[in-house]
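# Examination of the molecular architecture
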Amino acid sequence: MSSRRARTHAGMRKAWAGRLGGRTAPLVEAFTTSLPVDRALFPHDIAGSVAHVRALVRARLLTRAEGARLERGLGSVRRELERGQFRFHPADEDIHMAVERRLTELIGPLGGKLHTGRSRNDQVALDLRLWLRAECEAMDAALRGVQRALLKLARRHRNALLPGYTHLQRAQPILLAHHLLAYREMLARDRSRFRDCRERADELPLGAGALAGAGFALDRPFVARQLGFARVAANSIDAVADRDAAAEFLAAAAITMVHLSRLGEEIVLWASEEFGFVELPDAFATGSSMMPQKKNPDVAELVRGRTGRVIGALVALLTMLKGLPLAYNRDLQEDKPALFDAARTLRDAAAVLTAMVPRLAFRTRRMAAAADGLLLATDVADVLVERGVPFREAHEIVGGLVRHCLATGTGLREVDAKTLRTHSPLLTPALVRRLTPARSVARRRVLGGTAPREVARQLARAEREDGR
Ligand code: ARG
């Protein structure tokens, strides 16, 4: 081996040593490596290699004995990686090269046959799809956890009332369970997005080679079966250049994180003294280093605050892709930091919310009191409508009545008979005294409404779909 051939700084021979002379600059090795990130792919990388070995045996490019030795060698490499005994080399560039380098150290030159008919381009596309498939499943379980936490809380507060808001102004009384179940719906859609992503990611890229397709008769449907893929990627160029599944995953993750962030924001608001709706569990709050009275909602704030990272990962990936000509370009390596960071951020957020949400202590009396008063104005209008007044007219009558209440500091229920009559002959003290937040929600029995009966139906459906 000529000493002029491409070597690493430490003297290891590079995979492309035939073509390039001299050494790769250490600065370049450090700049181009993806190992610190993609080493997490090792279980998928080795599973992919085992399937590839079997395809090579099937194509008679390896004898059965060679295939068996390669599989045993890959098993040893996997065990070293699992036990943390694997020694990475600075020149290993990425997990694919590291595994092959170690395999060859362990079993000798036969290790050099592993890469027959394969390129790192289809190899990394394969690893990524295997990772995405598993991660979509993990995400489904994590989000189901948050849903069940919400459900648990909703069940505990079947009849608790609070003001519903629009424009962050008190709007109409609603049931707390109804409000919590709104988040459960968002998460149900998120889970279905991850299911869709998994479904479309379920294609085998291996066999595409560098871009043109392997030059050997590799049985791709056989490899797909080995790895549990539903389909074989139809076009070898697309197979190595495409990162749609990563983009879909990050889009689903970004939307989900936005949902968790909105929940986080509500928890922050509710825990404030101004709202005073919720008491955080001590184990999920922090204090101030200076102000002894403080109890801060840092968990909810960080869920909100980390959302930018996940949105950023989606933007980074799409921006990286938008100018790439076909097929593989090294830029594609940047898919993994974005994916791994986003997945971890989302999973951590889901886990901490799953633990915290059921332990939120609601101040239900204070919430119900906040849901009373002028929030019942719509109900007065609704009663007038029931007596034949056109809704627009009823709205104006009650608007005038509300103005009277605000100007005189009178509650809606306390307005005297004479004043009521001046607003509408149909309004009587008996009628307005019947108004309560509980009756207000009970009226809203439409499908999907906030009436207890309807919320109970939503709860039962959620329990059927998400488990108890
Ligand atoms: N580390 C690379 C990546 O993550 C693997 C593929 C490299 N292929 C190549 N031709 N340099 O995308």
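Structure shown above.
All values reported here derive from a predicted model rather than from experimental measurement.

On to the overall build of the protein chain, then. Regarding its fold elements, the protein chain presents 20 helices and six strands. Here the protein chain has a C-alpha radius of gyration of 31 Å; the compact-globule value for 468 residues is 23 Å, and the former is much larger. Across the protein chain, every contact between residues at least 6 apart in sequence was considered, and the portion connecting residues at least 24 apart equals 72%.

Grouped together as the largest cluster of nonpolar side chains are 108 residues, with contacts concentrated most on Phe194, Phe249, Leu250 and Leu339. At 15 residues, the largest contribution of residues to this core is made by helix H6 (residues 120-156). Those residues in contact with Leu250 that lie beyond four places of it in its chain are Ala313, Leu314, Leu317, Ala338, Leu339 and Ala342. The next biggest cluster of nonpolar side chains, apart from the first, holds 20 residues, and it includes Leu376, Leu412, Leu427 and Leu431.

What follows is about a nonpolar patch on the surface. On the surface, a nonpolar cluster with roughly 280 Å² of combined accessible area is contributed by Leu211, Ile237 and Leu326. By secondary structure assignment, the location of Leu211 is in the loop between strand E3 (203-204) and helix H8 (220-226). Note on Leu211: relative accessible area 39%, which makes it partly exposed.

With that out of the way, let us pick up the packing of aromatic side chains. Inspection of the entire model under this criterion finds seven aromatic pairs. Between the aromatic rings of Phe275 and Phe277, the centroid separation amounts to 5.4 Å while the plane-to-plane angle is 90°, which identifies the pairing as edge-to-face. This pair shows no difference in class: Phe275 is buried, exactly as Phe277 is. The rings of Trp131, Phe194, Phe249 and Phe340 are connected pair by pair, giving a single aromatic cluster. Over the aromatic face of Phe222 sits the side chain of Arg58, whose NZ or CZ is 4.3 Å from the ring centroid. The residue whose ring lies beneath Arg133 is Phe229, and the NZ or CZ to ring-centre distance is 4.4 Å.

What follows is about the site of the ligand. As a matter of local geometry, the ligand sits amid Ser34, Asp94, His96, Arg120, Asn121, Val124, Tyr328, Gln333 and Lys336. With respect to the ligand, the side chain of Ser34 contributes an N or O atom lying 3.2 Å from a nitrogen atom. Between the ligand and the protein, one listed contact pairs a nitrogen atom with a side-chain N or O atom of Asp94 at 3.0 Å. Summarising the interface, the protein chains cover 86% of the accessible area of the ligand, which totals 340 Å² for the free molecule. In terms of residue count, H6 provides more of the shell around the ligand than any other element does, three residues in total.

With that out of the way, let us pick up the environment of Asp45. For Asp45, the position within the fold is in helix H3 (residues 42-58). Separated by 29 residues in sequence, Asp45 and Leu74 place their C-alpha atoms 10.0 Å apart. Apart from the residues within four sequence positions on either side, Asp45 is in contact with Ile95, His96, Val99, Gln123 and Asp127. Here the side chain of Asp45 touches Gln123 through a polar contact of 3.0 Å, side chain to side chain.

Once that is clear, we can look at the packing of helix H15 (residues 377-386) against helix H16 (residues 391-408). Angle between the axes and distance between the axes are the two parameters that describe a pair of packed helices. One way to put it is that H15 packs onto H16 with a least axis distance of 9 Å and a crossing angle of 135°. Taken as axis vectors, H15 and H16 run oblique relative to one another. Judged by the twist between their axes, the crossing of H15 over H16 is right-handed. Packed against H15, whose contacting residues are Ala377, Val380, Ala381, Asp382, Leu384 and Val385, the element H16 presents Phe391, Ala394, Ile397, Val398 and Val402 at the interface. Across the contact of H15 with H16, the residue classes break down as ten nonpolar, no polar and one charged.

How each quantity is defined
Residues numbered from 1 in each chain as written. Predicted model: local features only at pLDDT ≥ 70, side-chain atom pairs only at ≥ 80, totals over all residues. Heavy atoms only, no water. Helix = DSSP H or I, 4+ residues; strand = E, 2+ residues; numbered from the N terminus. Rg over C-alpha atoms; globule rule 2.2 N^0.38 Å. Contact = heavy atoms within 4.5 Å. Core = buried A, V, L, I, M, F, W, Y, C linked by side-chain atoms within 4.5 Å. Buried < 20%, exposed > 50% of the residue type's maximum accessible area, 1.4 Å probe, protein only. Patch = residues over 30% accessible without salt bridge, like charges linked within 9 Å, V, L, I, M, F, W, Y side chains within 5 Å. Areas by Shrake-Rupley, 256 points an atom, 1.4 Å probe, with all protein chains shown as cover. Salt bridge = Lys/Arg side-chain N within 4 Å of Asp/Glu carboxyl O. Phe/Tyr/Trp six-rings, centres within 6.5 Å; stacked < 30°, edge-to-face > 60°. Lys NZ or Arg CZ within 6 Å of the ring centre and 35° of its normal. Near = heavy atom within 4 Å. Polar contact = N/O pair within 3.5 Å; in protein donor to acceptor, adjacent residues only side chain to side chain. Axes fitted to C-alpha atoms, helices over the stretch in contact; angles between N-to-C directions. Parallel < 35°, antiparallel > 145°, perpendicular 65-115°, else oblique. Left-handed = near helix turned anticlockwise from the far one by under 90°. Nonpolar A, V, L, I, M, F, W, Y, C, P; charged D, E, K, R; others polar.

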